[in-house]
Amino acid sequence: MPDPGRSILFRDQQNLELAEEAREMSLAFADSAYLRWISGEEDPHRAWEMYFERTQRQVRTLLDGLLATFPPEDRDKALQLAGSVEAFCLPSDAVESRVFENPGSATGFLIGISPLAVQLSAEIAWGMNLAHPYLPEDLPEGWEAATMHAQESLALVLSRYVRAAERLGEAPVPMSMVVLAMQKSTGPDGGPRDCYDAALAFALTHELAHIRNGDLLPARHRQAAALLPEHMASALDISAEENEELTADAATFTSCFNFLLTVASLAPDNPLRDARTPRELLQREAQLMITAWHSARRATEACEAYYTAVSILSDIAFRRGDDDAARRLLTTAMRLPYIQRYVQQVREEVLNKAYGPYMWTEYDVAYRKGYGSWRAFLVGNLLPAVSRDQRAEEPDWLSDWKTPAARAREPRYLAAVVEEGQRQVEAMVREAGPDDGRTLAARANLAYLRSQAGDTAGAISALVDLIPHMERVWGTDDPNIFPVRHNLAWLLGETGDTAGAVAAFTELLAVQERVLGPDDPDTLDTRYELAHLRGTTGDVAGAVADFVLLRADHERVLGPGHAATLATRKSLAHWQERLGDTERAAATRAELRSDEVTVFNPDHPGTRAAYEARLEEHTRELGRGHPDTLTTLWFLAVLRGKDGDATGAAAAYTELLEHDLEPFGFDEVDLRIIRDNAAFWQRVADERHHAG
């Protein structure tokens, strides 16, 4: 058995003195009560030895694997890092991972990993993998009910876990469900082991990126350009330290993907790992494509789960009274939109070229949206409702907190974006010339940025000047010009120049039908705009007729569940309502709801109704006291409260108290929370009754 602190792949490079420092740091941070509980060993030093042996093997093996995925041109950097970096697990109650220069005599860096962050990330990734299927059409009939129950179970597990994490020191953190599942079975791709490894890889990769970028060194030694230019970061009130975090975040997804892909493709049990014959090589190539897709999906899940876990840990830190940690963690969580955009860019522009166009699909977008609304519901509604430690006051910094997305809509930021875009265009004109394709594309993007900044007239003027130039260089039938013409027509409509917008869209439609064909999605999109403009000019009956035809074409070409099809149906219902045909409008809306993609997250329009029906079914078939019935009732109590149904929420919480909740792990503190919620909603219901 190798020493758990020793490297396997890089043993000739490893700094053993630094490895010993990692042991000492782990011992210094050790949480004796937790380690005695998790190991079953009363002797504190022996308990720590058992824990260190297990966790250090995990982090060192993973560190080796991450370094091994460096591209050949970075091999020297990998060897250098192998001798100057060690990692270890921080104590059980640490909410933040961190990286710092070794305080001892050995030269190098130490990475401390938060077990809470890894465990929560793995729990969420695995749970959402079960509760929010990626490819629902591949599942058997009736999958909706199973995933609803999986989502309920995940919510219960996380709320119990968080309640325990809030009072670390009083009681040990419960064993993670994903860890228990790993003890029973490793499972196929996407199983608990994969989720745990991805979560640990994501956390470790992020901290390793700080070392690779030189963030701990003086500014003149930094090795990575900041993700946001300095003036852009300043406009968003993003500090230099936060920009460093963004830069590290941006590097994390690709490194995590490379690690997962390498581990899967080079696994010892992979029969095609050492393929030699032409047939085997072809099979291996096909297998690599599928493995790459799974690895990208797993890395995306790890990214989503990591930021959800960080949001939860921010809430825990806030309720512990550690406002500084809460602020840092919330700042990290708010960076997710930037990272999602970066992940999308990597998958579209980098991975697609190597592995195929399926690397980024509409399924990814739908999956992320489901994750996002579930995350917002869990952190914003569910956890505060079940928290042991309620805080009535908000910290000073939270009252005026703005997300980067909110800041990005502010005039000073938009002005900075336009200024940067103008500089880029001028540089491209000097370096590549005014007729270069990249220059023309940059000018089109700059016009769009002007419109976003509120300078609609300037954007229209820029596009009117640009389109003839594009047609001269590329030809009038070049499809790359069509989106630019579409933007111009749309902006004309926004200024109230309806006649100009109709004329521009009509000319564009004729060219699109000739060049792209009548069934191209862009052609259909132009028809959508013309139908809408027809209604706004007063021809409501004509708009209804156009949308009826367009709906049929969208369903035929794109399918009933496509976003464009759903948008067309919504517009059809709107104009049918304007026409006074309320019966057909209601039928269109009912059809729309029935064909919307089923995403079981708490913000889905049909979620509460589905849970109400599920509760009625469970009560009838299983009984009022069955665990599945009570789980549904508990989740429904929160949903009713969120919807403002005070009477229904009070009734659900009150009924919960009539049953034995011990199988769920609820203790007297949990029961007090439920009683408080029941009393609160009953008080709200009574006040509304008296006011009415």
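Residues numbered from 1 in each chain as written. Predicted model: local features only at pLDDT ≥ 70, side-chain atom pairs only at ≥ 80, totals over all residues. Heavy atoms only, no water.

A. Structural context of the overall build of the chain. Of regular secondary structure, the chain possesses 29 helices and three strands. In the chain, 68% of the contacts between residues at least 6 apart in sequence involve partners at least 24 apart. Only carbon and sulfur atoms are counted for the fraction: they give 52% of the accessible area of the chain, which is about 32,400 Å². (Helix = DSSP H or I, 4+ residues; strand = E, 2+ residues; numbered from the N terminus. Contact = heavy atoms within 4.5 Å. Areas by Shrake-Rupley, 256 points an atom, 1.4 Å probe, with all protein chains shown as cover.)

B. Structural context of the pattern of salt bridges. For the structure on display, the rule yields 33 salt bridges. Of the charged contacts in the structure, one is a salt bridge between Glu-96 and Arg-328, with a shortest N-O distance of 2.7 Å. Residue Glu-96 is found in the loop between strand S1 (85-89) and strand S2 (98-101), and its partner Arg-328 is found in helix H12 (residues 323-333); the two are separated by 232 residues along the sequence. Residue classification places Arg-328 among the partly exposed residues on the basis of a relative accessible area of 45%. Salt bridges sharing common partners tie together Asp-519, Arg-527, Asp-553 and Arg-556. (Salt bridge = Lys/Arg side-chain N within 4 Å of Asp/Glu carboxyl O. Buried < 20%, exposed > 50% of the residue type's maximum accessible area, 1.4 Å probe, protein only.)

C. Just the side chain of Ser-84, in detail. One can find Ser-84 in the loop between helix H4 (75-82) and S1. Ser-84 has contacts with Leu-18, Thr-107, Gly-108 and Phe-109, leaving out every residue within four places of it along the chain.

D. Here's a closer look at helix H28 (residues 646-656). Of all the positions in H28, only Ala-646, Gly-648, Ala-649, Ala-650, Ala-652, Tyr-653 and Leu-656 are classed as buried. In this fold, the buried residues of H28 make contact with helix H27 (627-642) and helix H29 (668-691).

E. The packing of aromatic side chains, seen in detail. Under the definition given, this model contains eight aromatic pairs. Ring centres 5.9 Å apart and planes at 70° place the aromatic pair Phe-257 and Tyr-355 in the edge-to-face group. Here Phe-257 is found in helix H10 (residues 240-265), whereas its partner Tyr-355 is found in helix H13 (residues 336-355), with 98 residues between them in sequence. Since its relative accessible area comes to 16%, Tyr-355 is described here as buried. For the pair Tyr-306 and Tyr-307, a centre-to-centre distance of 5.1 Å together with 85° between the ring planes defines the contact as edge-to-face. Like Tyr-307, Tyr-306 is buried. Members of the aromatic cluster, joined through ring pairs, are Phe-202, Tyr-306 and Tyr-307. Across the ring face of Phe-70, the terminal group of Arg-212 is positioned such that the distance to the ring centre comes to 4.0 Å. (Phe/Tyr/Trp six-rings, centres within 6.5 Å; stacked < 30°, edge-to-face > 60°. Lys NZ or Arg CZ within 6 Å of the ring centre and 35° of its normal.)

F. The environment of Asn-677, seen in detail. Assignment of secondary structure puts Asn-677 in helix H29. By relative accessible area, which is 15% here, Asn-677 ends up buried. Put simply, Asn-677 and Ala-385 are 292 residues apart on the chain and 7.5 Å apart in space, counted from C-alpha to C-alpha.

G. Highlighting the nonpolar core. Counting residues in each nonpolar core, the largest one holds 136 residues, and the members touching the most others are Leu-67, Ile-111, Ile-124, Phe-257 and Ile-312. With 17 residues, helix H11 (residues 278-320) is the single largest residue contributor to this core. Contact partners of Leu-67, with chain neighbours within four places excluded, come to Phe-10, Ala-78, Leu-81, Ala-82 and Leu-208. Formed by 21 residues, the second largest nonpolar core is a distinct cluster that contains Ala-444, Ala-447, Ile-467 and Leu-492. (Core = buried A, V, L, I, M, F, W, Y, C linked by side-chain atoms within 4.5 Å.)

H. The arrangement of the packing of helix H17 (residues 411-432) against helix H18 (residues 437-452) in detail. The contact between H17 and H18 brings their axes to 9 Å, and the two run at 165°. As far as their axial angle goes, H18 and H17 are roughly antiparallel. Where H17 crosses over H18, the handedness of that crossing is left-handed. Between H17, through Leu-414, Val-417, Val-418, Gly-421, Gln-422, Val-425, Met-428, Val-429 and Ala-432, and H18, the contact on the second element is made entirely by Arg-438, Thr-439, Ala-442, Arg-443, Leu-446, Leu-449, Arg-450 and Gln-452. (Axes fitted to C-alpha atoms, helices over the stretch in contact; angles between N-to-C directions. Parallel < 35°, antiparallel > 145°, perpendicular 65-115°, else oblique. Left-handed = near helix turned anticlockwise from the far one by under 90°.)

I. Expanded view of the sheet that holds S2. The sheet built from three strands is open, its strands ordered S1-S3-S2 with mixed pairing. The open sheet is flanked by S1 and S2, the only strands paired with a single partner. Across the sheet, the mean angle from the axis of one strand to that of its neighbour is 20°, orientation sign disregarded. The pairing of S2 with strand S3 (residues 109-113) spans four bridges and is classified as antiparallel. Looking at S3, one finds that Phe-100 is bridged to Leu-110. In the packing of helix H1 (residues 16-29) onto the sheet, the strands contacted are S1, S2 and S3, and the crossing angle to S1 comes to about 25°. (Pairing = 2+ DSSP bridges.)

J. Spotlight on the pairing of S1. Most of S1 sits inside the fold, with five of its five residues counted as buried. In this structure, S1 lies alongside S3, joined through five bridges in parallel fashion. Across the sheet, residue Phe-88 finds its bridge partner in S3, namely Gly-112.

K. Local environment of the side chain of His-618. When you line up the elements, His-618 lands in helix H26 (residues 607-621). If sequence neighbours within four positions are ignored, His-618 has contacts with Gly-623, Asp-628, Thr-629 and Thr-632.

L. Representation of the packing of helix H22 (residues 521-536) against helix H23 (residues 540-558) within the structure. Packing of H22 against H23 leaves a shortest axis separation of 8 Å and a crossing angle of 160°. Of the possible angle classes, the one that applies to H22 and H23 is roughly antiparallel. As for the relative orientation of H22 and H23, their crossing is left-handed in sense. On H23, the residues that touch Pro-521, Leu-524, Arg-527, Tyr-528, Ala-531, His-532, Arg-534 and Gly-535 of H22 are Val-540, Gly-542, Ala-543, Asp-546, Phe-547, Leu-549, Leu-550, Asp-553, His-554, Val-557 and Leu-558. The residue inventory of the contact of H22 with H23, partitioned by class, reads eleven nonpolar, four polar and four charged. (Nonpolar A, V, L, I, M, F, W, Y, C, P; charged D, E, K, R; others polar.)

M. Here's a closer look at the environment of His-554. Relative to the helices and strands, His-554 resides in helix H23. Given the relative accessible area of 4%, His-554 is considered buried. It is 8.0 Å that separates the C-alpha atoms of His-554 and Thr-568, two residues lying 14 residues apart in sequence. Setting aside chain neighbours within four positions, we find His-554 in contact with Leu-524, Gly-559, Ala-564, Thr-565 and Thr-568.

N. Geometry of the environment of Val-85. Take Val-85: it is sitting in strand S1. Not counting residues up to four positions away in its chain, the partners in contact with Val-85 are Leu-18, Arg-60, Leu-63, Phe-109, Ile-111, Leu-208 and Ile-211.

O. Local environment of the state of the cysteines. Evaluation of the coordinates by the stated rule reveals zero disulfides. Take Cys-303: it sits in no disulfide, and the sulfur closest to it among the cysteines is that of Cys-256, at 8.9 Å. Using a relative accessible area of 3% as the deciding quantity, one classes Cys-303 as buried. (Disulfide = S-S within 2.5 Å.)

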